[in-house]
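# Structure assessment
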Amino acid sequence: MTGRERHAALSAGIFLAPALLPIAVFFFLPVLAALLLSFTDFDIYALGDLNRLRFVGFANYLQLLQSPLFWTALGNTFYFVLVGGPLSVAISLGAALLVNSRLTRFPSLFRTAFFLPVVTTLVAVAVVWRYLYHPRHGLLNYGLSWLGIEPIDWLGDPDWAMPAIILMAVWKNFGFNMIIFIAGLQNIPPQLYEAARIDGASAWRQFRHITLPLLGPTFLFVALMTMIGYFQMFAEPYVMTQGGPANRTLSVVLLMYEEGFRWWNMGYASAAAFVLFVLILAGTVLQLKLRGGERS
Amino acid sequence: MSRIRRCLPALLLYGALAAGVALTLSPLLWMLAASLMPIGEANSYPPRLWPSTVTFEHYAALFTRLDLGRYLLNSALLASAVTAIALFVNSMAGYAFAKFRFQGRDRLFRGLLAAMVIPAQVAMLPLFLLLKQFGLINTYWGVIVPGMASIFGIFLIRQYLLAIPDSLLDAARMDGAGEFRIYWSLVLPLCRPILVTLAIFTFLGAWNDFMWPLIVLTDSSMYTLPVALANLLGEHVQDTELMMAGSVLTVLPVMLLFVALQKYYIAGIMLGGMKG
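This structure is a prediction, so every number in the text was calculated from the model and none was measured. (Residues numbered from 1 in each chain as written. Chains lettered and ligands numbered in written order. Predicted model: local features only at pLDDT ≥ 70, side-chain atom pairs only at ≥ 80, totals over all residues.)

## Re the environment of L224(A)
Residues and elements named next belong to chain A. Relative to the helices and strands, L224 resides in helix α11 (residues 216–231). Through-space distance from the C-alpha of L224 to that of P189 is 25 Å; in sequence the pair is 35 residues apart. Those residues in contact with L224, other than ones at most four positions away along the chain, are T284 and Q287. (Helix = DSSP H or I, 4+ residues; strand = E, 2+ residues; numbered from the N terminus. Contact = placed C-beta atoms within 7 Å.)

## Regarding unusual backbone geometry
Look at the link from G244(A) to P245(A): it is a cis peptide, with omega at -10°. Cis geometry is adopted by the peptide bond preceding P46(B), which originates at Y45(B) and carries an omega value of -5°. Examined against the element boundaries, P46(B) turns out to sit in the loop between α1 (2–35) and α2 (57–64). The backbone of W264(A) shows a phi angle near 60°, a positive value even though the residue is not glycine. As for its placement among the helices and strands, W264(A) is situated in the loop between α13 (252–262) and α14 (266–295). For N138(B), which is not glycine, the phi torsion reads 60° and is therefore positive. Within the fold, N138(B) resides in the loop between α5 (120–133) and α6 (140–147).

## Some details on the domain arrangement of chain B
Residue and element names in this part refer to chain B. Under the domain assignment, chain B is made up of domain 1 (2–35) and domain 2 (58–275). Averaged C-alpha coordinates put domain 1 and domain 2 at centres separated by 34 Å. The interface of domain 1 with domain 2 comprises four residues on the first partner and seven residues on the second. Considered class by class, the residues forming the side of domain 1 that touches domain 2 number three nonpolar, one polar and no charged. (Domains from an automatic or database assignment. Nonpolar A, V, L, I, M, F, W, Y, C, P; charged D, E, K, R; others polar.)

## Thoughts on the nonpolar core
Grouped together as the largest cluster of nonpolar side chains are 169 residues, with contacts concentrated most on A126(A), A272(A) and A93(B). With 15 residues, the single largest contributor to this core is helix α8 (residues 158–186) of chain A. Once residues lying within four places of it in the same chain are set aside, the contact partners of A126(A) are M168(A), A235(A), E236(A), V239(A) and M240(A). (Core = buried A, V, L, I, M, F, W, Y, C linked by C-beta atoms within 7 Å. Buried ≥ 20, exposed ≤ 12 C-beta atoms within 10 Å, placed from the backbone.)

## With respect to the confidence of the model for chain B
Here chain B shows a mean pLDDT of 92. Residues at 70 or above account for 98%. The ipTM assigned to the predicted complex is 0.92, against a pTM of 0.94. (pLDDT = per-residue confidence, 0-100.)

## Some points on the interface of chain B and chain A
Taken residue by residue, the interface counts 71 residues in chain B and 71 residues in chain A. Considering every element that reaches the side of chain B that touches chain A, the biggest residue donor is helix α13 (residues 240–275) of chain B, with 15 residues. Of the residues in the side of chain B that touches chain A, the class split is 55 nonpolar, 14 polar and two charged.

Structure below.
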């Protein structure tokens, strides 16, 4: 190494350390530790006396796979990701198309209105929606009664609790993806639409053959971010249903929280966290593969 | 007839937009209206959309009886501290990744980006044990420390600085300015817009964060607003108006911040979305 290179490496190190050291100590180290922890029987006794800690191999993972509660949480989480995710993306795209339309005056005003729920505190709006969902005097059932729909016990009925949480989550976050879609739409050259109009292509054909294909990369990004976020659902059921009724809104992260921080079964909870991580990783790789295949 | 046909797309468009805005804003407007209603009025049927008489008694009760001022202060203090530290450390690292040449730079950066798929919850259990060793459980530092440096923040600064020509920095180097001086008096002022963006992102994230403060803060006098609000729900679930006032106080500061600085916030999402 020449003196100049050494100097460059040294100053790079000094500039990187204040951010990378905390990230290493408070993120990467704990992630590795979580992997190790998931192979131990770390529980409330080990919390008091580390000598109680034993290595148990894959016992936690086997226990998870045999636990009906874990499968319920996994199923609920997939319900949330597979129904809520696409719904959120579709509504985001719809809102982006409306706001970005040539006919829309004051688009930034509409954009701000649609975006407002994104910046709100999830816990606070979950509290608000709890009351909106009240079966007797909630605003939602009142609105639906105008359409002749009988009152629904949104958060009390096992079949309706998850749709209710999905509705709230979509309301809360569609504005974020809408912004990214608007950016994507504005990157499409307007000449393409002009040419299509001259050829007499209908609005639907323009959407199908210009907008959708050219939004491809934006779509992939939005779908990935939404999936990763939705897999981590926690505060919604924590505030609105505590995982009920009949565990129908219990998510993997809520289960991890309960096992780890309420019952101090930290080995078991770490295994649950790692299963979630592997699922997110698999979902990410799968989407990248699918979209990559589409393009080539 | 032809005029109707000509106006029809615009009518449909504005109809859809109006319906969308109404659905989006009504939960927030109802929250505000209910927080100003006399006791019990938010539970009447048919639901009231507007208070019969405006009262601030619930806000008064929150501050006098339920210690909300304390939680507001905790939230403001924690979010400000996280933001100040995050601006400093992330901008230094982002600058290094954008403008310094050192071995393994790009591989290190790509590795950091790839790590963004790891959900934060995976780290939480060992992080709790680690902070317990350091004696940081139930302290402000316990909340600040994991949030102060972020991969996304480093990424944001780096992307911004890549667009700034090296010649500007080289000129300063020629003049004999030290690396830290260049960073402090040249790079940071250049980064102003993206620093504002990062500040809003970090502040909102810290203010709205729930799970980690819930885990780390065990003493109620340490609670942040979201944790206090979730706790309050346990005892006051029947007091709709009171809960709505608490929600308004939690949400309002960040909404005002966003409305004031939304240009920067939106620019940040675009920059993140483009390259991601």
